[in-house]
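Results of the structural survey
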Amino acid sequence: MRSLGAVLLLALGLILATRGAAAPDESQLARGQRVYQKWCYPCHGPGNDKPGTVAMAARGQKPAVLEDRTDLTAAAIKFPVRQGVFFMPIFRKTEVTDADLDAIVAYLMRNNKPSAQK
Amino acid sequence: MRLPPGVTSKDFSDALKQFAEAVGKDWVFSSDDDVALYRDSYTPFWHEEEEPIPSAAVAPNTVEQVQQVVRIANTYKIPLWTISTGKNLAYGGSAPQLSGSVVLDLKRMDRILEVNERNHYALVEPGVSYFDLYQYIHDRGLKVWIDPPDPGWGSLVGNALERGCGFTPMHDHFDAHCGMEVVLANGDIVRTGMGALPNSKTWQQYKYGFGPYVDGIFSQSNFGVVTKMGFWLYPEPEAYFSGNVTVPKRDDVHALVEIFAHLTHSGVVQGTTSVIDMPSFAPPDPQLAALRLSGDTKALEDYLAQKGLGYWSLDLPFYGPAKVVAAQWEYSKEKFSSIPGVRFREVESHRFPLDAEQLAKVRDPVPLGVPSLGVFMNGGPRGHGHMDFSPTLPMTGEAVLEAHAVLDKAYRDLGSPTDAPPGVPVFAFFPRALVILYWIPIEHDVEKNKRSRAIFRGLVKTAAERGWGEYRTHTAFMNDVMDVYSFNNHALRRLHETMKDALDPQGILAPGKNGIWPKHLRKEKA
Amino acid sequence: MTVPPGVSPKDFADALRQFAEAVGKDWVFSSDEDVALYRDSYSPLWGEPDELVASAAVAPDSVEQVQQVVRIANTYGIPLWTISTGKNLGYGGSAPVLSGSVVLDLKRMDRILEVNEKNHYALVEPGVSYFDLYRYIQDRNLKLWIDPADPGWGSVLGNASDRGGGRTPMRDHFDAHCGMEVVLANGDIVRTGMGALPGSKTWQQYKYGFGPYLDGIFSQTNFGVITKMGFWLLPEPEAHMVGTVTVPKHDDLIPLIDISAYLMNSGVVFGQTRFATPFFGGAAEQDAALAALQAKPGGASKEDLEQYVQEKNLGYWNVELSFYGPAKVVVAQWEFAREKFLVIPGVTFQETKMLRFPMNAQELAQAPDPVRIGVPSLSIFGIGGPRSQGHLWFSPIIPMTGEAVFEAQKVFADAYREMGLPVVAGGQTFFGPSSAYPRCLLILFGFPVEHNAEKNRKNREIFRRLVHIAAEHGWGEYRTHTAFMQTVSNVYSFNNYALRRLHETLKDALDPKGILSPGKCGIWPKHLREARAPKA
């Protein structure tokens, strides 16, 4: 179970996230994880109830869970968010601001091997 | 002969002549004797100038006749006051709000258009009373229940439009309706919900239709004349059981109401109940009266304990399969057992159907879906009627205590005509709110009635100060009540008036109902 | 840059500037790139000249800002299209009916104003999603359930105002609401029900208030902008289980539905019920043996199919009954239900494990159907398969009888064949039926949407045809996609469109300049009516 402190930080972050702002002292990675958790995880997390993951797996993508990938590029992440792809719809700036999106990119590319980063 | 306000003698007699051509001369009432039949039998203005009295009455028999009457009224600017069965006693009866209105009496439109046993619904006209529909169902042995209010001669359509209620799981009458047909002020006929689809198969099965859900605007208002209404009925259950819960201390009310809220919002308890405070309802006795005035709660609690009575009492009604009902009662007792000293008692238990002999033995048949006029005994053999003051309260023990204290005090301060504060149960008539019902007696005494009216108005203001608004009110007080719904400088009334001017520009439908006046009669508000 | 119809470029530029003064320039979107974010991701007109698209978007953060935006729109005659979270996928997403409208995006207004645990209600702003409210309740350990729509990122308020539904006992979302606050086209703020009483203590406890009950006129319309809405919540129940009743023969559907109706209408079954047959959307649909039967001249007969299910131990029909409440009550309810269904020869029963609440995180993760137990999810998006580019719904309401289901099967199967579309054995072309709303059945046709104009055009024709066929049989839709709002609205024609006339009378009174969501559910402002709202 999460600690109270983490819960409070998450709560604060969630409140501020809707204003398109970073929580104080929040690193870009932490912000990226927070925004990812809210907007991406329900479709892209692990599990058979996560349609994004299920579709990726069905289309042969390995690993199918986004967070586990180490080969994503900024463009490959931003394009579907702003243009949609298959049944993934477009996300607006009142949901995921440009700064949020940059943070998601940083988060999802956090484990990329140096040569894969663009 | 009275004239409707603003209508010339000539225009009025032309209108009456045309009404007669539309509905037949037997069904236009303009003699003083005939018109007197439309007075409010419980009027708080008995023998006063102020008593609103109609100028005539017209009783159509079909929707087409209603359209014609409405068009004639539009032509001559005759204000109409619609009644279904006109049994709105305690809330204004059959009399209009605007003296001189012509009563549009829909009692003759009393067809039961359909009762569907498989899908448990009915479609009725305004003149159908609860007794009528009950008889129809009973005669055919259909396994469906109606939900009658107290009393049973009212109109299903009329009561639902006033948003009245009953006792069974279908007790919220407006909520139980499904689909309407309405004649608008311009004579147009509209069917709402799925009725707008010609030959719809689901008019009484799906409420909302497509686009805006307009039904609500025709309830407690004057935007149209409702000529048909569908109702969801309750399938005859296997069993009924009611169990009493009594708690010993005044402060037990908090847990009592909280647990009740949990049970009813969870669907474990589906019927209605009342929260009875025993100090008001215990057998009268000078010692009790003194204790009530003393303010000594502990002494009062001791007295009640000694008499084996408890402080608060609640009957929980259960409807459904016998084994389910038993499990629901068990669960309820488990929950209430957290209150020290709680006592439980089995009150009444039935299996359905009941034959005539069994039914005759039932103490109060209304919660079993059987209409009755028994409620009229409540005023005593010499009663002349009453007015209902009915604010809604949050469903909490705090609200019950506060309401009792505040309203009892206000009632006394305003000069109650009776000596003791009235015993007032708090009803759980609506799914998630409580209602307190004060019966303010009507007498054939001008001074006493004047005082009662002043008390009523004072109570409206006092309740509003506490954030409690009435769910419905007597025609005599509709303006007073609408006045307290003043958020954002009476924005809601502005919206009502915008709609009124659009839907009834000549202002012929029930002027003044629920505080909604047509333009030419609107008073300037601050 | 597109300009709203009937608005001059100068007026539009002035309006945009004033919008920016009202909400801050960061929250006015007018670049092509930003406005593209408001396209309907599942548009059946994708990429075509007729695709419904906005001209700009404005995102206020408070009721006062909404009032200002509305006043500015009124001044310049700018059509607005309100979205709450704009997740209306399958029914039009975030795009307006009138191309060139400015989207009024309320997502930033996402405050949860109150959650009352003792009296089981919440008061929220439009931007609050089911996920948001669920997390709020979980974080505070409140013993309350929400009733999520299938995709959990939708707006609690937006979905209810579109009269969407869910699965638990509180599944009729509009019915579960209590009290609203609305900004009218003239900028006035109104609170409905008990909210009109200043300091009211029962705004979220008593629905109707005093006088006309107006809330319904703000659902599925364009008569105002809802800025707050109260909701009744279900107290966390002790237990939940699903009982499945399976019957062997085609005609068994009639008593199956009659008994289910009795149980639901009596309150013995408290949650949603879903009827299904293995021939549509089930395992059997892909079976080669079944395909062979269907390939016979005249297709598979009723007896063929009854024999098939008998051999496969499948059952011809089943119904899932959802129970919620105290464990002992649920057991008694399910036992009673089984007693009633025993009149059907060959009936069999199955039940899920009884779930007890509260559940810990591990138990929740393993729950087979989280939406049914008040947990929001996005799993519904998998419905079209991994390469789906979206879908839209055709959603007629039919009576709650087996005969009505048979009629719907026949009518739509005939229509499909006539249009050259495949029909599975058994002839069903729709999901369900289900009791999404009490006392009637909802059948759902899923139409795939693709980035292919030819396919989309064909599907649109099919959709329109189905709307008319349904209407001919007395079946209307409960809701529809923005692209078909006119088509659907046109079948509600009783007494020569009397209801539409009433809608238009109200529209002209409440929004004389016609700035709020023109065309929503077929309601057009006066100046656009002639061209847009033809009578059949």
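Residues numbered from 1 in each chain as written. Chains lettered and ligands numbered in written order. Predicted model: local features only at pLDDT ≥ 70, side-chain atom pairs only at ≥ 80, totals over all residues. Heavy atoms only, no water.

**Here's the deal with the overall build of chain C**
From N to C terminus, chain C includes 15 helices and 20 strands. Relative to its length of 536 residues, chain C is compact, with a C-alpha radius of gyration of 24 Å against a globular reference of 24 Å. In chain C, the proportion of contacts linking residues at least 24 apart, taken out of those at least 6 apart, comes to 73%. Counting 51 positive and 58 negative side-chain charges, chain C places the averaged centre of each group 2 Å from the other. (Helix = DSSP H or I, 4+ residues; strand = E, 2+ residues; numbered from the N terminus. Rg over C-alpha atoms; globule rule 2.2 N^0.38 Å. Contact = heavy atoms within 4.5 Å. Lys, Arg positive; Asp, Glu negative; His and termini not counted. Charge placed at Lys NZ, Arg CZ, Asp CG, Glu CD.)

**A closer look at the overall build of chain B**
Looking only at helices and strands, one finds 15 helices and 20 strands in chain B. Computed over C-alpha atoms, the radius of gyration of chain B comes to 24 Å, within 12% of the 24 Å expected from 2.2 N^0.38 for 526 residues, which places it in the range of a compact globule. Expressed as a percentage of its 526 residues, the buried residues of chain B come to 65%. Nonlocal contacts in chain B, meaning residues at least 24 apart in sequence, comprise 73% of its contacts between residues at least 6 apart. Accessible area of chain B: about 19,000 Å², with a carbon and sulfur share of 51%. Charged side chains in chain B number 52 positive and 63 negative. The centres of these two groups are separated by 2 Å. (Buried < 20%, exposed > 50% of the residue type's maximum accessible area, 1.4 Å probe, protein only. Areas by Shrake-Rupley, 256 points an atom, 1.4 Å probe, with all protein chains shown as cover.)

**Comments concerning the domain arrangement of chain B**
Residues and elements named next belong to chain B. Each assigned domain of chain B is listed here: domain 1 (9-105), domain 2 (112-235), domain 3 (239-352 + 363-472) and domain 4 (490-525). Distance between the C-alpha centres of domain 1 and domain 2: 24 Å. Each partner contributes to the interface: domain 1 provides 13 residues, whereas domain 2 provides 19 residues. Of the roughly 1,200 Å² buried where domain 1 meets domain 2, counting both sides, 66% is carbon and sulfur surface. Taken together, domain 1 and domain 2 are joined by zero salt bridges. Our enumeration of links across domain 1 and domain 2 arrives at four residue pairs in polar contact (both at pLDDT 80 or more). Here the side of domain 1 that touches domain 2 gets six residues from one element, more than from any other, and that element is helix H3 (residues 63-76). (Domains from an automatic or database assignment. Buried area = accessible area lost by both parts, 1.4 Å probe. Salt bridge = Lys/Arg side-chain N within 4 Å of Asp/Glu carboxyl O. Polar contact = N/O pair within 3.5 Å; in protein donor to acceptor, adjacent residues only side chain to side chain.)

**Things to note about the packing of helix H6 (residues 252-265) of chain B against helix H12 (residues 397-413) of chain B**
Angle between the axes and distance between the axes: these two values describe a pair of packed helices. All names here are of chain B. H12 packs onto H6 with a crossing angle of 125° between their chain directions and a minimal axis gap of 7 Å. The pairing of H6 with H12 is recorded here as oblique in orientation. Here Val 253, His 254 and Val 257 of H6 lie close against H12, whose contacting residues are Gly 397, Glu 398, Val 400 and Leu 401. Of the residues assigned to the contact of H6 with H12, the class counts are four nonpolar, two polar and one charged. (Axes fitted to C-alpha atoms, helices over the stretch in contact; angles between N-to-C directions. Parallel < 35°, antiparallel > 145°, perpendicular 65-115°, else oblique. Nonpolar A, V, L, I, M, F, W, Y, C, P; charged D, E, K, R; others polar.)

**What about the arrangement of the chains?**
Pairwise contact counts over the two pairs of chains in contact peak for chains B and C. A minimum C-alpha distance of 26 Å separates chain A and chain B, which share no contact.

**Comments concerning the interface of chain B and chain C**
Chain B puts 99 residues into the contact, and the matching count from chain C is 103 residues. Counting across the chain B and chain C interface gives eight salt bridges. The partner of Glu403(C) in a salt bridge is Arg118(B), with the nearest N and O atoms 2.9 Å apart. Scanning the region where chain B abuts chain C turns up 44 residue pairs in polar contact (both at pLDDT 80 or more). Of all the elements in the fold, those that place two or more residues in the side of chain B that touches chain C are strand S9 (189-191), strand S11 (234-235), H6, helix H10 (322-336), strand S17 (392-394), H12, helix H14 (478-484) and helix H15 (487-503) of chain B.

**Here's the deal with the side chain of Asn222(B)**
Residues and elements named next belong to chain B. Topologically, Asn 222 is positioned in the loop between S9 and strand S10 (225-232). Polar side-chain contacts of Asn 222 include one of 3.0 Å to the backbone oxygen of Ile 516. Ignoring anything within four residues of it in the chain, the contact list for Asn 222 reads Lys 500, Asp 504, Leu 509, Ala 510, Pro 511, Gly 512, Lys 513 and Ile 516.

**Some details on helix H12 (residues 453-472) of chain C**
All names here are of chain C. End to end, H12 covers 29 Å across 20 residues, agreeing with the expected 28 Å (1.5 Å per residue, within 8%). By the burial criterion, the buried members of H12 are Asn 456, Asn 459, Arg 460, Ile 462, Phe 463, Leu 466, Val 467, Ile 469, Ala 470 and Ala 471. Where H12 is buried, its residues meet strand S17 (391-394), helix H11 (402-418), strand S20 (441-448) and helix H13 (485-489). The backbone nitrogen of Glu 454 has a side-chain oxygen 3.1 Å away, supplied by the residue at the start of H12, namely Asn 452. Gly 474 sits one or two positions beyond H12 and adopts a positive phi of about 80°. (Expected span 1.5 Å × (residues − 1).)

**A word on the sheet that holds strand S4 (residues 102-105) of chain B**
Residues and elements named next belong to chain B. The strand order S1-S2-S4-S3 describes an open sheet built from four strands, whose pairing is mixed. The open sheet terminates on both sides in strands that have one partner only, identified here as strand S1 (28-29) and strand S3 (80-83). Strand direction decides the pairing type here: strand S2 (residues 56-58) and S4, joined by three bridges, are parallel. Following the sheet pairing, Val 58 is matched in S4 by Leu 104. (Pairing = 2+ DSSP bridges.)

**Quick notes on the interface of chain C and chain A**
Tallying the contact residues gives 40 residues for chain C and 26 residues for chain A. Across the chain C-chain A interface, the total number found is three salt bridges. With a closest N to O distance of 3.2 Å, Lys38(A) and Asp132(C) form a salt bridge. On the surface where chain C and chain A come into contact, there are 11 residue pairs in polar contact (both at pLDDT 80 or more).

**Some points on unusual backbone geometry**
Omega for the peptide link from Lys62(A) to Pro63(A) comes to -10°, which places this bond in the cis form. By the element assignment, Pro63(A) lies in the loop between helix H4 (51-58) and helix H5 (74-83). Look at the link from Phe357(C) to Pro358(C): it is a cis peptide, with omega at 0°. Topologically, Pro358(C) is positioned in the loop between strand S16 (355-356) and helix H10 (361-366).

**Considering the packing of aromatic side chains**
In this structure the tally under the stated criterion is 60 aromatic pairs over all chains. Ring centres of Trp39(A) and Phe91(A) lie 6.0 Å apart, and the angle between their planes is 80°; on these two criteria the pair is classed as edge-to-face. Of this pair, Trp39(A) sits in helix H2 (residues 28-39) while Phe91(A) sits in the loop between H5 and helix H6 (98-108), and the two are 52 residues apart along the sequence. The pair formed by Trp39(A) and Phe91(A) is uniform in burial state, with each residue classed as buried. Positioned above the aromatic ring of Tyr136(C), the side-chain terminus of Arg140(C) is 3.6 Å from the ring centre. (Phe/Tyr/Trp six-rings, centres within 6.5 Å; stacked < 30°, edge-to-face > 60°. Lys NZ or Arg CZ within 6 Å of the ring centre and 35° of its normal.)

**Let's talk about the packing of H6(B) against H10(B)**
Residue and element names in this part refer to chain B. Axis separation between H6 and H10 bottoms out at 10 Å; the angle between their running directions is 150°. Seen along the crossing, H6 lies across H10 with a hand that is right-handed. Here H6 contributes Leu 256, Ile 259, Phe 260, His 262 and Leu 263 to the contact with H10, which in turn contributes Tyr 331, Ser 332, Lys 335 and Phe 336. The residue inventory of the contact of H6 with H10, partitioned by class, reads six nonpolar, two polar and one charged. (Left-handed = near helix turned anticlockwise from the far one by under 90°.)

**Focus on the sheet that holds strand S12 (residues 239-247) of chain B**
All names here are of chain B. Taken in spatial order, the seven strands line up as S15-S12-S14-S13-S18-S19-S17 in an open sheet, and their pairing is antiparallel. The two strands at the open ends of the sheet, each matched to only one other strand, are strand S15 (343-351) and S17. Here S17 pairs with strand S19 (residues 433-436) via three bridges, running antiparallel. Counted as the bridge partner of Leu 393 is Leu 434 from S19. On the sheet, H6 packs against S12, strand S13 (274-277), strand S14 (312-320) and S19 and is oriented at approximately 10° with respect to S14. Strands in contact with H10 are S12, S14 and S15; relative to S14, the strand with the most contacts, it is inclined by about 155°.

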